[in-house]
Amino acid sequence: MELPINPVAIPVAAVAALVVGALWYNPKIGFGNLWMRESGMTEEKMKSGKMGVIFGLSLAFAALLSLLLMQFTNHQWGAFGMIGGDPEAEGVLPSFQTFISDYGTNFRTFKHGALHGGIFGVLGALPIIGTVALFERKSAKYIFVNAGYWIVTLMLMGAILCGL
């Protein structure tokens, strides 16, 4: 039985987060200058740090986020959860196979994934980023630049996870 995810979609979605970030936070074509000003980042500070570690961990975090987001974009995971995740396990009723045959590809489109990714961004990322930023005394611009990045990124990641 085919699982409700293409395993290639997880790393592709994770890499997409870094690609969007490279564009979004780019000073020449994105919000890089605004983000630097609102976050208090300087050119000198940008050059410090271990870039391999920063990008490696960012990619790992994006992969973890892809795993979580997959639960929200691919509704078929709910059916797998009802049987404990193993469709071949003892006690799984034939009605499960019938259900998956009938509905196993429903709502598996890029558009549907983007919708759920956007919802996840607005209802998940925005409140988290907003709360942290408020306590750090950051501006509304800071909140909207960073939350905007995550909303757009989660839409793309959701589209990839659901549509591939």
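In the block above lies the structure referred to throughout.
Visitor: How do you make sense of the environment of Gly124 when you look at a structure like this?
Guide: Of note, Gly124 is situated in helix H7 (residues 110-135). In the structure, Gly124 is positioned 30 residues away from Leu154 in sequence and 10 Å away in space, judged by C-alpha atoms.

Visitor: Explanation requested: the pattern of salt bridges in the structure shown.
Guide: Two side chains carrying opposite charge are able to pair once their charged atoms lie near each other. Throughout the structure, instances matching the rule amount to one salt bridge. Two residues, Glu38 and Arg37, come together in a salt bridge whose shortest N-O distance is 3.6 Å.

Visitor: What is the right way to look at the layout of surface pockets in this model?
Guide: Of the voids in this model, the largest pocket is the one considered here, and its volume is about 1100 Å³. Looking at the largest pocket, it is lined by 35 residues, and the ones nearest its centre are Gly21, Tyr25, Trp35, Ile54 and Ser58. Residue assignment for the lining of the largest pocket shows that the elements contributing at least two residues are helix H1 (9-24), helix H2 (32-39), helix H3 (43-47), helix H4 (51-73), H7 and helix H8 (140-163). In terms of residues, the lining of the largest pocket owes the most to one element, H4, which gives six residues. For the lining of the largest pocket, a count of residues per class yields 22 nonpolar, nine polar and four charged.

Visitor: Explain the packing of aromatic side chains here, please?
Guide: A ring pair, where both rings are aromatic, is described by two values, the distance of the centres and the angle of the planes. For the structure on display, the rule yields six aromatic pairs. Ring centres of Tyr25 and Tyr149 lie 5.3 Å apart, and the angle between their planes is 55°; this geometry places the pair in the tilted category. Of the two residues, Tyr25 sits in the loop between H1 and H2 while Tyr149 sits in helix H8, which places them 124 residues apart along the sequence. Between the aromatic rings of Tyr149 and Trp150, the centroid separation amounts to 4.8 Å while the plane-to-plane angle is 70°, which identifies the pairing as edge-to-face. Residue classification places Tyr149 among the buried positions, given a relative accessible area of 8%. On the basis of relative accessibility, which here comes to 27%, the residue Trp150 falls in the partly exposed class. An aromatic cluster is present here, built from Tyr25, Trp35, Tyr149 and Trp150 joined pairwise through their rings. In this structure, Lys138 is placed above the aromatic ring of Tyr142, and the distance from its NZ or CZ to the ring centre is 5.5 Å.

Visitor: Can you walk me through the environment of Ile143 in this structure?
Guide: Tracing the chain through its elements places Ile143 in helix H8. On the basis of relative accessibility, which here comes to 11%, the residue Ile143 falls in the buried class. Along the chain, Ile143 and Thr109 lie 34 residues apart, while their C-alpha atoms are 30 Å from each other. Among all residues touching Ile143, those that are not within four sequence positions of it are Leu126, Ile129, Gly130, Ala133, Leu134 and Gly148.

Cut-offs applied
- Residues numbered from 1 in each chain as written.
- Predicted model: local features only at pLDDT ≥ 70, side-chain atom pairs only at ≥ 80, totals over all residues.
- Heavy atoms only, no water.
- Helix = DSSP H or I, 4+ residues; strand = E, 2+ residues; numbered from the N terminus.
- Salt bridge = Lys/Arg side-chain N within 4 Å of Asp/Glu carboxyl O.
- 1 Å grid on protein atoms, 1.4 Å probe; cavity = no way out; pocket = protein on both sides within 12 Å on 5 of 7 lines; lining within 4 Å.
- Points joined across faces, edges and corners; volume = space filled by probe spheres on them.
- Nonpolar A, V, L, I, M, F, W, Y, C, P; charged D, E, K, R; others polar.
- Phe/Tyr/Trp six-rings, centres within 6.5 Å; stacked < 30°, edge-to-face > 60°.
- Buried < 20%, exposed > 50% of the residue type's maximum accessible area, 1.4 Å probe, protein only.
- Lys NZ or Arg CZ within 6 Å of the ring centre and 35° of its normal.
- Contact = heavy atoms within 4.5 Å.

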